Every structure is written in structure tokens, then in C-alpha cells.
Amino acid sequence: MGFFTDLKEDLSQAVNEMVPDEQPQDTVEEVKETLDLDALLETIEDKEPVYEEPSYTAPEIKNTGKATDENATITAGMRIAGDIVSSGSLEVLGAIKGNIDINGKLNVVGTVEGDSKAAEIYAENAKITGEVNSQGSVKIGRNSVIIGNIFATSAVIAGAVKGDIDVKGPVVLDTSAIVMGNIKSKSVQINNGAVIEGVCSQCYADVSPTTFFDKFK
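All figures in this text were calculated on a predicted structure; none of them were measured in a lab.

(A) Quick peek at unusual backbone geometry. Although it is not a glycine, N125 adopts a positive phi angle of roughly 55 degrees. Given the relative accessible area of 43%, N125 is considered partly exposed. At N143, a residue that is not glycine, the phi angle is positive and equals roughly 65 degrees. N143 sits in the exposed class, given a relative accessible area of 64%.

Quick look at the structure:
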């Protein structure tokens, strides 16, 4: 309240200075009444300052489905919290906590916590927790760990996968591959040393064993 008292005194002093000394006292009082200082101060005191935080809504970005020549890199020291949408390619050396939806190639050397979708996906010394969905090929290199299902048209696995593998074309399991999950593909090549815990089904093969043996019933 000291601030408003001082303000009232300052305003009164300013009014007195505006009116010459030779003017009668009632003229000064009339000026004060015209300004109505008391009502003005009461209005100021009654209104508390209100702070409104500025609001910002990020524009929605949609994947157009058309690939471009753009290339982006998440450096080793960079950490991203949120989804990434791009019409180009992306190389992940750092860490991403969010979904990735791009039209180009995805090369992961770092860490991804979220679903990944791209034209082609390569993982080398990477750790991916989430679904891996490629419109083309998927290559999981040595020392890479994937915890999630894999969807692609072809796959070469040399790392570890905990999840189902659903590939329309061929699947190659290298000597260092470790798979804990079911495999559905057109063909499967299992190199000596690969470890599988699950069921392999060539359900996308040109020949159906069920249909073939039904002819002999």
C-alpha cells in the first residue's frame, strides 16, 4: 500500500505544481475533484496484475509419402524427445525418444525408443526399442539389439532380435544372429551358428505345403 500512497502524494503534488500559486485554493481543489484521484487509486488497488503465459501450438506435420534428397543427422551428442517426420533420409548417431516416420533411408547407429518407419532401415551397433517397419529391406548388423517386431520385404539379421519377423521376401540369419520370436517369410536362410527360439513359417512362398499335400488325400 505504500506504493499507492506515494503515488497519490506525487499526483497531488503534480496538480499543485500545474496550478499557479496566485490561483485560489478552491481552484486547486476543483482540479483534484475533476481528476478524481481517490477513485483512480481505488481502481488501481482493486485490480491485481494478471500474467498470461503465451500459448504456442506447433503446426501439424504430415508425411506426404514422397521421398526427397534431403539428409538429416542426429549427432552423437544430441538427444531428441519427440516424433520425427521427414520426406528425406535420416542418420541417427545420438538418441531419439519418439517415433520416426520418414520417406527415405534410416541409418541407426545410436538409440531409438519408439516405432521406426522408412523406405529402408539399417542398424549397426544400435539399440532400437519399438516396431521396425520398412517398405524395402532391413539390415540388422552385429552388436545391434532390436526389441520389437520387424516388418519388411527382405531382411538380413546379424544382431539380436526379440520380436516377430514378418517379411514378404527372403530372410537371412547370419552366424551371429539371435532371434527370440516367430519368423514369417517367403524363404529363410539360416547360417551355421544362428540361434532361433520360435517358429519359422514360409507362408509367403510360391508353393503352399498344405495345398500340395491336400492333393494326396
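Past the structure itself, the notes keep going.
(B) Structural view of the pairing of strand β16 (residues 154-157). Of the two faces of β16, the one holding A155 and I157 is buried and the one holding S154 and V156 is not buried anywhere. Direction of pairing for β16 relative to strand β19 (residues 170-173): parallel, over a ladder of three bridges. By the bridge assignment, A155 is partnered in β19 with V171.

(C) Quick peek at the sheet that holds strand β3 (residues 84-86). Ordered by their spatial adjacency, eight strands build an open sheet running β3-β6-β9-β12-β15-β18-β21-β24, and the pairing between neighbours is parallel. Looking at the sheet topology across the chains shown, the edges are occupied by β3 and β24 (200-201). Sheet analysis places strand β9 (residues 116-118) next to strand β12 (residues 132-134), joined by three bridges and oriented parallel. Bridged to A118 within β12 is S134.

(D) The pairing of β19, seen in detail. The side-chain alternation of β19 yields one buried face, formed by V171 and L173, and one unburied face, formed by P170 and V172. Pairing of β19 with strand β22 (residues 187-190), which is carried by four bridges, proceeds in the parallel orientation. The partner of V171 across the bridge, within β22, is V188.

(E) Inspection of a nonpolar patch on the surface at higher detail. Nonpolar side chains collect at one region of the surface, where V207, F212, F213 and F216 lie side by side and expose about 470 Å² of accessible area between them. Its place among the elements puts V207 in the loop between β24 and α4 (209-214).

(F) Looking closely at the side chain of S185. Mapped onto the secondary structure, S185 falls in the loop between β21 (183-184) and β22. Looking at S185, the relative accessible area reads 0%, which means it is buried. Looking at S185, its side chain comes within polar contact range of the main-chain oxygen of S187, at 3.1 Å. Among all residues touching S185, those that are not within four sequence positions of it are V167, G169, V171, S201, Q202, C203, Y204 and A205.

(G) Spatial organisation of the sheet that holds strand β23 (residues 195-197). Across the sheet, which stays open at both edges, the eight strands sit in the order β2-β5-β8-β11-β14-β17-β20-β23 with parallel pairing between neighbours. What marks the edges here is a single partner per strand, and that holds for β2 (79-81) and β23. Strand-to-strand twist in this sheet, taken as the mean axis angle between neighbours without regard to direction, amounts to 5 degrees. Relative to strand β5 (residues 95-97), β2 is paired through three bridges, and the arrangement is parallel. Across the sheet, the residue bridging to A81 is K97, located in β5.

(H) Expanded view of the environment of A76. Among the secondary structure elements, A76 is positioned in the loop between β1 (71-74) and β2. A76 sits 18 residues away from G94 along the chain, and the two C-alpha atoms are 4.0 Å apart.

Conventions used here
- Residues numbered from 1 in each chain as written.
- Predicted model: local features only at pLDDT ≥ 70, side-chain atom pairs only at ≥ 80, totals over all residues.
- Heavy atoms only, no water.
- Buried < 20%, exposed > 50% of the residue type's maximum accessible area, 1.4 Å probe, protein only.
- Helix = DSSP H or I, 4+ residues; strand = E, 2+ residues; numbered from the N terminus.
- Pairing = 2+ DSSP bridges.
- Patch = residues over 30% accessible without salt bridge, like charges linked within 9 Å, V, L, I, M, F, W, Y side chains within 5 Å.
- Areas by Shrake-Rupley, 256 points an atom, 1.4 Å probe, with all protein chains shown as cover.
- Salt bridge = Lys/Arg side-chain N within 4 Å of Asp/Glu carboxyl O.
- Polar contact = N/O pair within 3.5 Å; in protein donor to acceptor, adjacent residues only side chain to side chain.
- Contact = heavy atoms within 4.5 Å.
- Axes fitted to C-alpha atoms, helices over the stretch in contact; angles between N-to-C directions.

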